[in-house]
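Here is how the chains run, residue by residue.
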Amino acid sequence: MKLVVDSNIIIACLIKGGKTAELLVNPALQLYAPEFIVEEISKYKDEILGKTHRNLESFSLILSDILSIITIVPHSSILKYIIEGERISPDEKDKSFFALALHLSCPIWSNDKMLKNQKEVLVYSTEEILKKIKTE
């Protein structure tokens, strides 16, 4: 299953792991993210470090491992979808994720319920993906 991964999924994985981390490494999933995700996660670095009590080196290694699983798509590849992504995204800051989902014709993996407040792109939570994988 091809999915665009939202930042909140990576952040959840960095903080607590669990089912989210298991899904990230599941070979049934092909994961993609806009290059913007690296910048966005970096903004939350201090908060993540505070919640996990990791040091910066450990955080950087885990983030690097996570990002190696995900295909990072350059902004230039989704430029022609940005206006449409902005139009349908319930939150302006998520327009790149919607643009990439439109570009790849695939759903978004996010636990942000607000992202479901549109009809053009499917958005699956971690729990919904777990159920889909079990039934396939």
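Residues numbered from 1 in each chain as written. Predicted model: local features only at pLDDT ≥ 70, side-chain atom pairs only at ≥ 80, totals over all residues. Heavy atoms only, no water.

J.: Outline the overall build of the chain, listing residues and values.
T.: Looking only at helices and strands, one finds nine helices and five strands in the chain. When the helices and strands of the chain are listed from N to C terminus, the series reads β-α-α-β-α-α-α-β-α-α-α-β-β-α. On C-alpha atoms alone, the chain measures out to a radius of gyration of 14 Å, which is about the 14 Å that the 2.2 N^0.38 rule sets for 136 residues. Expressed as lengths along the three principal axes of its C-alpha atoms, the size of the chain is roughly 40 × 35 × 25 Å. The contacts of the chain with a sequence gap of at least 6 include a subset with a gap of at least 24, amounting to 65%. (Helix = DSSP H or I, 4+ residues; strand = E, 2+ residues; numbered from the N terminus. Rg over C-alpha atoms; globule rule 2.2 N^0.38 Å. Contact = heavy atoms within 4.5 Å.)

J.: Please set out the packing of aromatic side chains residue by residue, giving values where relevant.
T.: What the rule picks out here adds up to one aromatic pair. Summarising the aromatic geometry, the rings of Phe 36 and Phe 97 are spaced 6.2 Å apart at their centres and angled 65° between planes, so their arrangement reads as edge-to-face. Placement of the pair is Phe 36 in helix H3 (residues 36-43) and Phe 97 in helix H8 (residues 95-104), with a sequence separation of 61 residues. (Phe/Tyr/Trp six-rings, centres within 6.5 Å; stacked < 30°, edge-to-face > 60°.)

J.: Go over the pairing of strand S1 (residues 2-5) with me, naming the residues and quoting the values.
T.: Looking at chain direction, S1 and strand S2 (residues 30-34) are connected through three bridges and run parallel. Looking at S2, one finds that Lys 2 is bridged to Gln 30. (Pairing = 2+ DSSP bridges.)

J.: Hey, could you go over unusual backbone geometry for me, with residue numbers and the actual values?
T.: Comment: phi is negative for the bulk of residues other than glycine, and the bulk of peptide bonds are trans. Non-glycine residue His 53 carries a positive phi angle of around 60°. As for its placement among the helices and strands, His 53 is situated in the loop between helix H4 (45-52) and helix H5 (56-69). Residue Ser 105 is not a glycine yet carries a positive backbone phi of 55°. By the element assignment, Ser 105 lies in the loop between H8 and strand S4 (108-109).

J.: Lay out the nonpolar core with the relevant residues and their values.
T.: Ile 10 and Trp 109 are the most contacted members of the largest nonpolar core, which has 43 residues in total. Per-element accounting of this core gives the leading share, six residues, to H8. (Core = buried A, V, L, I, M, F, W, Y, C linked by side-chain atoms within 4.5 Å. Buried < 20%, exposed > 50% of the residue type's maximum accessible area, 1.4 Å probe, protein only.)

J.: Break down helix H9 (residues 126-135) for me, citing the residues and quoting the values.
T.: Those residues of H9 not exposed but buried are Thr 126, Ile 129, Leu 130 and Ile 133. Down the axis of H9, the buried set is contained in an arc of 105°. They therefore lie on one face. Away from its buried face by more than 90 degrees, H9 exposes Lys 131 and Thr 135. Looking at the buried positions of H9, the neighbouring elements they touch are S1, helix H1 (7-15), helix H2 (18-24), S4 and strand S5 (123-124). (Arc of directions from axis to C-beta.)

J.: Explain H1 to me, and be specific about the residues and the numbers.
T.: Residues lying three or four places apart along an α-helix face the same way, a consequence of the helix completing one turn every 3.6 residues. With respect to burial, H1 is a largely interior element, seven of its nine residues being buried. Buried within H1 we find Ser 7, Ile 9, Ile 10, Ile 11, Ala 12, Cys 13 and Leu 14. Gly 17, located one to two residues past H1, shows a positive phi value of around 70°.

J.: Tell me about the sheet that holds S4, and name the residues and values.
T.: Read from one edge to the other, the open sheet built from five strands follows the order S3-S2-S1-S4-S5, with strand pairing classed as parallel. Two strands in the sheet have a free side with no partner beyond their single neighbour: strand S3 (71-73) and S5. Bridge analysis of S2 against S3 gives three bridges, and the strand direction is parallel. Pairing of Tyr 32 across the sheet is with Thr 71, part of S3.

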